[in-house]
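Listed below are the residues making up each chain.
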Amino acid sequence: MTTSWSDLENKDGVRFSLNAWPDDRQSAQKCVVPLGALVTPLKHIEDVPVVPYEPVRCKACAACLNPYAQIDFNSKLFVCPFCHARNNFPPHYAGITEQNLPAELFPNYLVIDYTINPNKVTPPPAYLFLVDVCVSDEELASLKASLTQALSLLPEDSLVGLISFGTHVHVHELQFADCPKSYVFRGGKEHTSAQIRDQLTFSRGGGGPQQQQYQSQNQNPNTQQQQQQQQPYQQTNPASSFLVPLSECEFTFSAILEELARDPFAPLPQSRHNRATGTALAVASTLLSLGCPSGHPARACLFVGGPCTEGPGNIVPKALENATRSHKDIAQDKAPLFTKAKKKYDAIATQLCANGHSLDVFACALDQVGLAEMKGCAQKTGGAVVLAESFSHVVFKKSFVKLYGSQNKPEPSPESVSSSSDEVTPLKVHSNGIFEVITSRDVKVAGCVGPCAALDTARRHLGNVADVSIGYGGTTAWKMCALTRNTTLAVFFEVAKEKPDGASGGGYGQNPYGQQQQYQSAPQFFLQFHCTSTLPTGETRLRVITTTRRWTSGQNIPEISMGFDQEAAAVLIARQLTWKMEQDDEMDGPAATRWLDRKLIGACQRFGEYRKEDPHSFQLAPQFSLFPQFMFNLRRSQFVQVFNNSPDETAYFRVVLWRENVLNSLVMIQPTLTAYSFNGPPEPVLLDVCSVAPDRILLLDAYFSVVVFHGSTIAQWRKAKYQEQEEHKAFAELLKMPQEDANYILNQRFPVPRLVDCDQNGSQARFLLAKLNPSATHNSQGSPYGHAGGSDVIFTDDVSLQVFMEHLKRLSVSA
């Protein structure tokens, strides 16, 4: 059934953990698996119609007209399948007949894109770069080279700005080309938005008139072009000195970058640099809010090379004798600056979300930079997060070009991209997104986990909001300041019915042709997902996804099992667990592992077939065959086990997990392993230490890292340079294949993973061995380090998958 769930996702971009839902709340809770959907609102779907008008909505629940609506062609009205309200068609639908249907009523158009206000003029995107000048000269030179490259890749009409920060924060004026000019803010001082506005001479004219003018332009499209000619950007925008069209300031921007030097305030001996990251972000968010009114696409791009030590948002004292906080320090409340800094960055995130602006964080340092504290700024705004070792590292360079250098490139089709292509796949970023969920009466929305922020006032009066929240709850709509084709939200639901309706609760459902049908055994419920966003071209679209699933009796275990999607369930559980770990201080690694174990045991007891107290009789249906394996790898993953990871690394891993689709999330939870040998073509092998062989090359895709692992024999042949000899062309091809596949992964993925090329028994082989199932360890029977077939062993006390399954069976069948 896994293939069929993927096929359904390719049609509408939605995957459910259960595709047949229990018809009462008690039965749904007994299923243990969370009721939820993973929605990719901008997923590339073939043949999605784009219509040049706005949708017809239900007057009661605001659901859009869809193929499941019951149509009365004589009275020119439709019955909403969500709330059963009767609605009249608007006047321009007067000619609707069974032979003359609008696109939204076609049975195969369950996903449709509407063009919203096509005459609206969207301002050009704005990019505000925040550059850390406390890094070394080599790092600063690499960063300046990347920024110079970005200027040649951004659209010419885009607005650009520059802020440099160290001990103080400098806002550079780009319109004044005669000599360098900047406004300076003291890094160690708390600045309010009003003070920042006064300092930047905004007190005489704020963002209000700017916003009113854009609104007046949008309301008068016939005169908009004349107004643009008469009132250029510099005369209408109060931030015109700092956010200037690239075509007008490219030389000035490049000159300032070229003259940009390290912070002149050198640190004291045995002290860290004075780095005012918090103040720089506060100034940037205020500058964008005043210069780019709500609805104006804008991104703040932070390039930071160390921890904040100055002013608000500092995470560590300046003295080097004070170590940067660890997970243990945070858990034991020994990180006094953590809570205050997190509150500061959360306030900045709120300001950014209110205006629809996003923050991208490029943290390039061997030390921590405070990503754990400022994670909310990127998470809630949908901004990108990239963690690399330095600004000269390939991870940063490729990720930077992928994010900012692709807005003008056409997006290639998957068929046109070959596995050996070195071209970076463009990342199309949409802005100003609003995601909304509309449900049938018996379904409530518990919350959402993803790169979004809750809109608190969204239709609370309908009563379709669950009492217990999971993620960002208490609403049915969320703000998404930035989103891409792969951005995926995990929406959790709750069954509203307290008791099953029984045979009399069949109710009515509608088929895609609008004809009413009565269902007794499997009545339907409906869900509709709305996503409004602004394309990179400036066009605003609304994507409407309408889907339906069936109710079933809570005691009908076989039917519920047939509708189980183990891949979607694993990703939903991973997001729910990481959310709990973020919110609950007591939910540490061991507690999270116990929570996962209880979930898995409960699911096995509910859906497994067994005789009590007989572990050998236990078996799971094919739909659950991989679910225990997913949970085994999840409990060992970097999302749950924070040992050997810094708080910044853990925050980075979870930020990426919360925004990627099902396939990419599964790769993070359970990496893929491919073997290359002379015995045949590349083939997937078990994620087990027994897959290691001297005459094999293994390619491990762990999402955040890609490992090319050479067996000991292969490594010896390579060092002897057999691949350079004419009679060993086959060996040269064997060495080339995994490298090409690894480069393909690097070019397709964002953030770009780290490439590790290692040999068996080498120091970097740990990147592979740490992900493998330890079926052979130093405690295994036999010789101390010997293993059949030359396979490797893992020095660990962790249990293997086989031992894990034995314990799972024993606990599941216990009374």
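Not measured: the values here are computed from a predicted model.

Analysis parameters
Residues numbered from 1 in each chain as written. Predicted model: local features only at pLDDT ≥ 70, side-chain atom pairs only at ≥ 80, totals over all residues. Heavy atoms only, no water. Helix = DSSP H or I, 4+ residues; strand = E, 2+ residues; numbered from the N terminus. Buried < 20%, exposed > 50% of the residue type's maximum accessible area, 1.4 Å probe, protein only. Patch = residues over 30% accessible without salt bridge, like charges linked within 9 Å, V, L, I, M, F, W, Y side chains within 5 Å. Areas by Shrake-Rupley, 256 points an atom, 1.4 Å probe, with all protein chains shown as cover. Salt bridge = Lys/Arg side-chain N within 4 Å of Asp/Glu carboxyl O. Polar contact = N/O pair within 3.5 Å; in protein donor to acceptor, adjacent residues only side chain to side chain. Contact = heavy atoms within 4.5 Å. Phe/Tyr/Trp six-rings, centres within 6.5 Å; stacked < 30°, edge-to-face > 60°. pLDDT = per-residue confidence, 0-100. Axes fitted to C-alpha atoms, helices over the stretch in contact; angles between N-to-C directions. Parallel < 35°, antiparallel > 145°, perpendicular 65-115°, else oblique. Left-handed = near helix turned anticlockwise from the far one by under 90°. Nonpolar A, V, L, I, M, F, W, Y, C, P; charged D, E, K, R; others polar. Pairing = 2+ DSSP bridges. Core = buried A, V, L, I, M, F, W, Y, C linked by side-chain atoms within 4.5 Å. Disulfide = S-S within 2.5 Å. Expected span 1.5 Å × (residues − 1). Arc of directions from axis to C-beta.

Things to note about the overall build of the protein
- From N to C terminus, the protein includes 23 helices and 32 strands.
- Out of the 815 residues in the protein, the part that is buried amounts to 57%.

Details of a nonpolar patch on the surface
- A grouping of F678, W717 and Y722 is seen on the molecular surface, where their side chains present a nonpolar patch of about 280 Å² in accessible area.
- Along the chain, the position of W717 falls in helix α20 (residues 712-719).

Regarding the side chain of R15
- Looking at where R15 falls in the secondary structure, it is placed in strand β1 (residues 14-16).
- Side chain to side chain, R15 and E567 meet in a polar contact 3.0 Å long.
- Apart from the residues within four sequence positions on either side, R15 is in contact with W5, S6, E9, G36, A37, L38, D565, E567, A568 and V662.

Observations regarding the packing of aromatic side chains
- Counted according to the given criterion, the structure contains 41 aromatic pairs.
- Ring geometry for F362 and F396: centres 5.6 Å apart, planes at 90°, overall edge-to-face. Of the two residues, F362 is situated in strand β15 (residues 358-364) and F396 in helix α13 (residues 394-404); the sequence distance between them amounts to 34 residues.
- Residue classification places F362 among the buried residues on the basis of a relative accessible area of 0%.

What about the environment of I557?
- Relative to the assigned elements, I557 resides in helix α14 (residues 557-562).
- Accessibility expressed as a relative area gives 19% for I557, which makes it buried.
- Along the chain, I557 and C31 lie 526 residues apart, while their C-alpha atoms are 9.3 Å from each other.
- Setting aside its immediate chain neighbours within four residues, I557 contacts R606 and F607.

Things to note about the confidence of the model for the protein
- When pLDDT is averaged across the protein, the result is 87; 87% of the residues are at 70 or more.
- Throughout residues 414-421 the model reports pLDDT below 50, and contacts reaching past four residues in sequence, or to other chains, amount to eight contacts.
- Under a pLDDT of 50 for its full length, residues 503-522 has, in the predicted model, 41 contacts with residues more than four places off or in other chains.

A word on the packing of helix α3 (residues 137-153) against α13
- α13 packs onto α3 with a crossing angle of 25° between their chain directions and a minimal axis gap of 10 Å. Compared by their axis directions, α3 and α13 come out roughly parallel. The handedness of the crossing between α3 and α13 comes out as right-handed. On α13, the residues that touch L143, S146, L147, Q149, A150 and L153 of α3 are F396, K397, F400, V401 and Y404.
- In terms of residue class, the contact of α3 with α13 is built from eight nonpolar, two polar and one charged.

Thoughts on the sheet that holds strand β7 (residues 86-88)
- With antiparallel pairing, the three strands of this open sheet are ordered in space as β5-β6-β7. Bordering the open sheet on either side are β5 (70-72) and β7, each of which pairs with just one other strand. In this sheet, neighbouring strand axes are inclined to one another by 25° on average, regardless of whether the strands run parallel or antiparallel.
- Looking at chain direction, β5 and strand β6 (residues 77-79) are connected through three bridges and run antiparallel. Bridging across to β6, D72 finds its partner in L77.

As for the nonpolar core
- Of all hydrophobic cores here, the largest spans 136 residues; its most connected members are W21, L130, F435, F493 and F529.
- Ranked by the residues each element gives to this core, the list is headed by helix α15 (residues 566-583), at 10 residues.
- Excluding its chain neighbours within four sequence positions, the residues that come into contact with W21 are F16, L35, V443, F493, V495, F525, R550, W551 and T552.
- Residues V131, L154, V160 and L174 belong to the second largest nonpolar core, which totals 38 residues.

Here's the deal with unusual backbone geometry
- Cis geometry is found at the peptide bond from F750 to P751, where omega equals -5°.
- Mapped onto the elements, P751 comes out in the loop between α21 (729-748) and β32 (754-759).
- Residue E613 is not a glycine yet carries a positive backbone phi of 65°.
- Tracing the backbone shows E613 in the loop between β26 (609-611) and β27 (614-619).
- Although it is not a glycine, K721 sits at a positive phi angle of roughly 60°.
- Considering the arrangement of structural elements, one finds K721 in the loop between α20 and α21.
- When its relative accessible area of 47% is taken as the criterion, K721 is described as partly exposed.

Notes on the state of the cysteines
- Summed over the entire model, instances satisfying the criterion amount to zero disulfides.
- The cysteine C452 is free of any disulfide, with C448 supplying the nearest cysteine sulfur at 3.8 Å.

Regarding the pattern of salt bridges
- Counted under the stated rule, the structure contains 26 salt bridges.
- With a shortest N-O distance of 2.6 Å, R611 and D614 are connected by a salt bridge.
- With a relative accessible area of 54%, R611 lands in the exposed category.
- Sharing partners across several salt bridges, the network here consists of E9, R15, D565 and E567.

With respect to helix α23 (residues 801-813)
- For α23, with 13 residues, the first-to-last C-alpha span of 18 Å sits near the 18 Å given by 1.5 Å per residue.
- Of all the residues in α23, the buried ones are L801, F804, L808, S812 and V813. Buried positions in α23, seen along its axis, are confined to an arc of 145° and lie on one side of it.
- Each element contacted by the buried residues of α23 is listed here: α16 (589-607), β26, β27 and α17 (627-636).

A few points about the packing of helix α12 (residues 371-381) against helix α18 (residues 647-657)
- Contact pair α12 / α18: the axes reach a minimum separation of 9 Å and the direction vectors enclose 20°. With respect to each other, α12 and α18 are oriented roughly parallel. At the point where α12 passes α18, the crossing takes the right-handed sense. Contacts between α12 and α18 involve L371, A372, K375 and Q379 from the first element and P647, D648, A651, Y652 and V655 from the second.
- Broken down by class, the residue content of the contact of α12 with α18 amounts to six nonpolar, one polar and two charged.

Here we look at the environment of W595
- Among the structural elements, W595 can be located in helix α16.
- Owing to a relative accessible area of 11%, W595 belongs among the buried residues under this scheme.
- Taking C-alpha positions, W595 is 9.8 Å from R635, a pair spaced 40 residues apart along the chain.
- Aside from chain neighbours lying at most four places away, what touches W595 is I573, Q576, L577, K580 and M587.

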